[in-house]
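One-letter residues, chain by chain:
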Amino acid sequence: MPLQLKHLALRCADTSASRRFYETLGFRFLGYRPNSTDAMDLADGSVNLTLLPHEGKRPKLEEGTEYIHFGVEVDDAKAAWRALRSAGIRILRDDVKHRYAPDESKPPEGSFKAEDPDGNVVDITDDKDEWRKE
């Protein structure tokens, strides 16, 4: 039986801010979780992303020492970079593999790392072969 990742859940200090971030990347809002006005489901067509409220402080970790990061493939990394920058999102690195310091004056070539509202690192690429699949 083939294995496929179908669901991720993230604890968020502000689920609405996280929703805006992930919608900017292309995730679609599916609705609120049953009996909740904060917890919600988003999806990219294959993976369900549940945003759950989290109260309290989490330690702020630097990129490269974070507990979790994950990657998304987009049609156009430069367009994603522009949309995230317009939304005030912090770009952490140009190029997900080489981890160059970001040049805020121009979009990177092919991939970059961004920080979601909770400090989670998201690798963003338009390279269909960025990550090994088998």
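**Describing the pattern of salt bridges**
This structure, assessed with the given rule, holds twelve salt bridges. Arg 90 is the salt-bridge partner of Glu 115, the closest N and O atoms lying 3.4 Å from each other. Highlighted residues: Glu 115 in strand 7 (residues 111–115) and Arg 90 in the loop between helix 2 (77–86) and strand 6 (91–94), separated in sequence by 25 residues. On the accessibility criterion, Glu 115 (12% relative accessible area) is buried.

**Describing the sheet that holds strand 2 (residues 28–32)**
Strand order in the open sheet made by the four strands is 1-4-3-2, with mixed pairing throughout. Either end of the sheet is taken by a strand with one partner, and the two such strands are strand 1 (7–12) and strand 2. Sheet twist, expressed as the mean angle between neighbouring strand axes with direction ignored, is 25°. Sheet topology places strand 3 (residues 40–43) next to strand 4 (residues 48–53); four bridges connect them, and they run antiparallel.

**Focus on the packing of aromatic side chains**
In the structure shown here, the tally under the stated rule is four aromatic pairs. Arranged with centres 5.2 Å apart and planes meeting at 70°, the rings of Phe 29 and Tyr 32 form a pair that is edge-to-face. Note on Phe 29: relative accessible area 26%, which makes it partly exposed. Ring pairing ties together the aromatic residues Phe 21, Tyr 22, Phe 27 and Phe 70, which thus form one cluster.

**Observations regarding the sheet that holds strand 5 (residues 69–73)**
Pairing is mixed in the open sheet, where four strands are placed in the order 5-8-7-6. Only two strands of the sheet have a single partner each, and these edge strands are strand 5 and strand 6. Neighbouring strand axes in the sheet, compared pairwise and without regard to direction, differ in orientation by 25° on average. In terms of strand pairing, strand 7 meets strand 8 (residues 121–125) through five bridges, oriented antiparallel. When the bridges of strand 8 are listed, Ala 114 appears paired with Val 122. On the sheet, helix 1 (residues 15–25) packs against strand 5, strand 7 and strand 8 and is oriented at approximately 15° with respect to strand 8. The sheet strands contacting helix 2 are strand 6, strand 7 and strand 8, and the helix crosses strand 7 at an angle near 25°.

So, how was this worked out
Residues numbered from 1 in each chain as written. Predicted model: local features only at pLDDT ≥ 70, side-chain atom pairs only at ≥ 80, totals over all residues. Heavy atoms only, no water. Salt bridge = Lys/Arg side-chain N within 4 Å of Asp/Glu carboxyl O. Helix = DSSP H or I, 4+ residues; strand = E, 2+ residues; numbered from the N terminus. Buried < 20%, exposed > 50% of the residue type's maximum accessible area, 1.4 Å probe, protein only. Pairing = 2+ DSSP bridges. Axes fitted to C-alpha atoms, helices over the stretch in contact; angles between N-to-C directions. Phe/Tyr/Trp six-rings, centres within 6.5 Å; stacked < 30°, edge-to-face > 60°. Contact = heavy atoms within 4.5 Å.

The values reported here are purely geometric and, on their own, carry no functional implication.
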